[in-house]
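Architecture at a glance
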Amino acid sequence: MSRNDTHQARKRFGQNFLHDQYVIQKIVNAISPTLEQTLVEIGPGKGAITSLLIQNCKELHVIEIDRDLVALLKNKFLHTPNLQIHTRDALHFDYCSLVQNNKLRLMGNLPYNISTPLLFHLLENSNCIEDMHFMLQKEVVDRMAAMPGSRDYGRLSVMIQYQCHVDALFNVGPGAFTPAPKVDSTIVRLEPYTDKPVEVSNTQIFQRIVTQAFSLRRKTIRNALKRMLGEKQIRDCSIDPDLRPEMLGVEDYARLAEYMAKQERL
Ligand code: SAM
C-alpha cells in the first residue's frame, strides 16, 4: 500500500479529497493555464489536481498546512523541479511575495471551514492576483454571486462583488470526494478588478455600513442604518429609505460610504 492510501482525512483541516478524474479535468480546463504561467494551488492535499496542473504550466507553488501531506507530496513529486511546496497556513501566507513578472493565478479545492476568512485575506492582496478558481460549498458561491433582491444576497455578495467579477462555473456532487462531504460544491471564478466599477475612498466605512445594514436585513435601510445615517442623508444619496438592505446594489452602498466618509472628514 502506498503512503497515499494510508493518510487519514483530518476533519480539522477540512480534508475531502477529489478522486473523480472527470471533475479534475473539468477544473483544469476551466482554469486553462498556459505553459508560460505561474500558478498557486491552496491546499493540494494528496496532489489530485496538482498532478494535472503541473503538466500545464511553467511553475506551480502549492501551500499545504498538513505536514504529513507535505511529506507525501514531496515523495510523489520528487522529480518535479517546477513545483515549489510551501508548508504554511494559507490564511497567513504572503501571496505577493511569489510574484515575479506577472500577476498570480490562484486555485484550490478549499477547506470549507476557512473559506470566508481566506477569501478576505486574498482580496487584501488582490493587486497581485489575476484570477482565482475555487471549489467552495455551493451555498457560499450562491451568496457570493447573488444579485440584489434575491434570498442569498447579503454582506458576502456586496463585499466580494465590490472587488471582483464573480462567475459561478459548475456544481460538483459529494460523490466526487473521499470522504464525501454532506454538501454540494461549486467551482467559482473570481477576477479582481484592476479598475473597479465603483470605488470608495474608505473601505472600512464601506465594510461597516454593509455589515450594519445586513445585520438587520428585515428592516428598512432607514432603520438598519439609523445609528450611522439619517433619513435625509440616505435620500441625499438617491436611495429610498423605505427599501430593505437586500434591495440596494453595490453602487448604492458605495454612495452611502462616500457620504459618510465625507461627513467624518468635516
Ligand atoms: N486539493 C486536494 C483535493 O482536491 O483532493 C485537497 C482538498 S481538501 C478539501 C483541502 C486541503 O487544504 C487539505 O489538503 C488540507 O490539509 C489543506 N488545508 C486546510 N487548511 C489549510 C490552511 N489553513 N492552509 C493551507 N492548507 C490548508
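Shown above is the structure to which this text applies.
Residues numbered from 1 in each chain as written. Predicted model: local features only at pLDDT ≥ 70, side-chain atom pairs only at ≥ 80, totals over all residues. Heavy atoms only, no water.

With respect to the site of the ligand
Near the ligand you find 22 residues, and of these Gly43, Glu64, Asp89, Ala90 and Asn109 are the closest. Within the backbone of Leu18, a nitrogen or oxygen atom sits 2.8 Å from an oxygen atom of the ligand. Against a free-state accessible area of 590 Å², the protein chains account for coverage of 97% of the ligand. Looking at the shell around the ligand residue by residue, the class counts come to 11 nonpolar, six polar and five charged. (Near = heavy atom within 4 Å. Polar contact = N/O pair within 3.5 Å; in protein donor to acceptor, adjacent residues only side chain to side chain. Areas by Shrake-Rupley, 256 points an atom, 1.4 Å probe, with all protein chains shown as cover. Nonpolar A, V, L, I, M, F, W, Y, C, P; charged D, E, K, R; others polar.)

As for the sheet that holds strand 7 (residues 164-172)
One open sheet holds the seven strands; their spatial order is 4-3-2-5-6-9-7, and the pairing between them is mixed. Each edge of the sheet is formed by a strand with only one pairing partner; in this case those strands are strand 4 (83-87) and strand 7. Taking each pair of neighbouring strands and ignoring which way they run, the sheet shows an average axis angle of 20 degrees. Sheet topology places strand 3 (residues 59-64) next to strand 4; five bridges connect them, and they run parallel. Among the inter-strand pairings, Val62 is bridged to a residue of strand 4, identified as Ile85. Across the sheet, helix 5 (residues 115-124) is in contact with strand 2 (38-42), strand 5 (104-109), strand 6 (129-137), strand 7 and strand 9 (185-192); its angle to strand 6 comes to roughly 175 degrees. (Pairing = 2+ DSSP bridges. Helix = DSSP H or I, 4+ residues; strand = E, 2+ residues; numbered from the N terminus. Axes fitted to C-alpha atoms, helices over the stretch in contact; angles between N-to-C directions. Contact = heavy atoms within 4.5 Å.)

So, the environment of Lys262
Turning to its location among the elements, Lys262 is positioned in helix 11 (residues 250-265). Taking relative accessible area as the criterion, Lys262 reaches 52% and is therefore assigned exposed. Here the alpha-carbon distance between Lys262 and Met132, two residues 130 residues apart in the chain, equals 34 Å. (Buried < 20%, exposed > 50% of the residue type's maximum accessible area, 1.4 Å probe, protein only.)

Notes on unusual backbone geometry
With an omega dihedral of -10 degrees, the bond running from Thr178 to Pro179 counts as a cis peptide bond. Considering the arrangement of structural elements, one finds Pro179 in the loop between strand 8 (177-178) and strand 9. Phi is positive for Ser32, which is not a glycine, with a value near 50 degrees. Relative to the helices and strands, Ser32 resides in the loop between helix 2 (21-31) and strand 2. A residue is classified by how much of its surface remains accessible, and Ser32, at 46% relative accessible area, is partly exposed. The phi dihedral of Ser238 is positive, around 60 degrees, even though this residue is not glycine. Tracing the backbone shows Ser238 in the loop between helix 10 (231-236) and helix 11.

Section: the packing of aromatic side chains
Summed over all chains, the structure comprises four aromatic pairs. When the centroid spacing of 5.0 Å and the interplanar angle of 65 degrees are considered together, the rings of Phe93 and Tyr95 count as edge-to-face. Residue class for Phe93 comes out buried when judged on its relative accessible area of 3%. Under the relative-accessibility criterion, Tyr95 is labelled buried at 0%. With 4.7 Å between their ring centres and 45 degrees between their planes, Tyr162 and Phe206 make a pair best called tilted. On the criterion of sequence distance, the pair formed by Tyr162 in helix 7 (residues 155-163) and Phe206 in helix 8 (residues 203-215) is long-range, its members being 44 residues apart. Given a relative accessible area of 0%, Phe206 falls into the buried group. (Phe/Tyr/Trp six-rings, centres within 6.5 Å; stacked < 30°, edge-to-face > 60°.)

By themselves, these observations are geometric and do not establish any function.
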